[in-house]
Amino acid sequence: DKVCIHQTDENLKRQGIESIGAVLQSSANMLVLWDQSYAKRLWCVFELAAYIRAHLCHEEAAVAGAVHVKCRPLALGTICVWLYLVTATTYIVSIVAQANGMLSLPLVMFFSGMALYVVCHRYHRNVRFLSDDFKHFRVANAGCFCCSNDHRCPQTGAELICDRQLIE
């Protein structure tokens, strides 16, 4: 958002914020790559709400259920890579063990089962956090770049317009 929306000119910033709805309305789908900070960041939740509102404002879209938002935990990618590495390592260990005449099937089954349990547990925990975060979201508690930097640009020291005031 810092790149797309002007940060120092209040009129340009307001125009940029007001045009978000039109941009999101022309999007058929929205993919939310969610992490535990997502529902705590003002702009993330604002954009999600604007997308849903832009699509629900059209009666035919609301009736057809055409609001297509997909939330995927960002950790899912890490979890998949981790699962792949554990599976590949387990497979290599089983080949080495078989070549040396060792009985490795119980070992392979145990470690693969443990890896699968950890992956599934983390994924479901992330999904539960996502649901809880949206249930308990409050604009007043959401973080935004300007407020977290005392309304000053960290690089230049220039005064920043408060995002929270523009949204509320």
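These numbers come from a predicted model, not from an experiment. (Residues numbered from 1 in each chain as written. Predicted model: local features only at pLDDT ≥ 70, side-chain atom pairs only at ≥ 80, totals over all residues. Heavy atoms only, no water.)

A.B. asks: Sorry if this is basic, but what is going on with the overall build of the protein here?
C.D. replies: Check the secondary structure of the protein and you find 7 helices and 2 strands. In sequence order, the secondary structure elements of the protein are arranged as α-β-α-α-β-α-α-α-α. Each of the 168 residues in the protein was classed as buried or not, and the buried ones make up 27%. Pairs at least 24 apart in sequence give 61% of the contacts found in the protein among residues at least 6 apart. (Helix = DSSP H or I, 4+ residues; strand = E, 2+ residues; numbered from the N terminus. Buried < 20%, exposed > 50% of the residue type's maximum accessible area, 1.4 Å probe, protein only. Contact = heavy atoms within 4.5 Å.)

A.B. asks: Which parts of the structure should I look at to understand the state of the cysteines?
C.D. replies: One pass over the structure, following the stated rule, counts 0 disulfides. In this structure Cys144 is a free cysteine whose sulfur lies 3.4 Å from that of Cys147, the closest cysteine sulfur available. (Disulfide = S-S within 2.5 Å.)

A.B. asks: In this structure, what is going on with the side chain of Asp163? I would like to understand it.
C.D. replies: As for its position among the elements, Asp163 is in helix α7 (residues 163-167). At 2.3 Å, the side chain of Asp163 forms a polar contact with the side chain of Lys13. Setting aside its immediate chain neighbours within four residues, Asp163 contacts Lys13, Leu42, Trp43, Cys144 and Cys146. (Polar contact = N/O pair within 3.5 Å; in protein donor to acceptor, adjacent residues only side chain to side chain.)

A.B. asks: What's the story with the pairing of strand β1 (residues 30-34) in this structure? I'm lost.
C.D. replies: Taking every second residue as pointing to the same face, the buried face of β1 carries Met30, Val32 and Trp34, while none of Leu31 and Leu33 on the other face is buried. Pairing between β1 and strand β2 (residues 69-73): 5 bridges, direction parallel. Bridging from a neighbouring strand, Leu31 pairs with Lys70 of β2. (Pairing = 2+ DSSP bridges.)

A.B. asks: Is there a simple way to think about the confidence of the model for the protein in this case?
C.D. replies: Low pLDDT means the predicted coordinates in that region are not meant to be read closely. Per-chain confidence: the protein averages 78 in pLDDT, with 88% of residues scoring 70 or above. Looking at the elements of the protein, mean pLDDT is at its lowest for helix α3 (residues 59-64), recorded as 52, and at its highest for β1, recorded as 86. (pLDDT = per-residue confidence, 0-100.)

A.B. asks: Explain helix α1 (residues 10-25) here, please?
C.D. replies: An α-helical segment advances 3.6 residues per turn. Residues three or four places apart therefore align on the same side. Compared with an ideal rise of 1.5 Å per residue, which puts 16 residues at 22 Å, α1 spans 24 Å between its outermost C-alpha atoms and is within 8% of the ideal. When the local axis directions of α1 are compared, the greatest deviation, roughly 30°, occurs at Ser19. Within the span of α1, buried status applies to Lys13, Gly16, Ile17, Ile20 and Leu24. The secondary structure elements touched by the buried residues of α1 are α2 (42-56) and α7. (Expected span 1.5 Å × (residues − 1). Bend = angle between axes of the 7 residues up to and from the residue.)

A.B. asks: Would you mind going over the packing of aromatic side chains with me for this structure?
C.D. replies: Any aromatic ring pair is given by two values, namely how distant the centres are and how the planes are angled relative to each other. If you walk through the whole model with that rule in mind, you get 1 aromatic pair. Relative to Phe46, the ring of Trp43 has its centre 5.3 Å away and its plane inclined at 90°; by these criteria the two rings are edge-to-face. On the criterion of helical spacing, the pair formed by Trp43 and Phe46 is a turn pair, its members being 3 residues apart in helix α2. A residue is classified by how much of its surface remains accessible, and Trp43, at 12% relative accessible area, is buried. Taking NZ or CZ as reference, Arg128 lies 5.9 Å from the ring centre of Phe129, over its face. (Phe/Tyr/Trp six-rings, centres within 6.5 Å; stacked < 30°, edge-to-face > 60°. Lys NZ or Arg CZ within 6 Å of the ring centre and 35° of its normal.)

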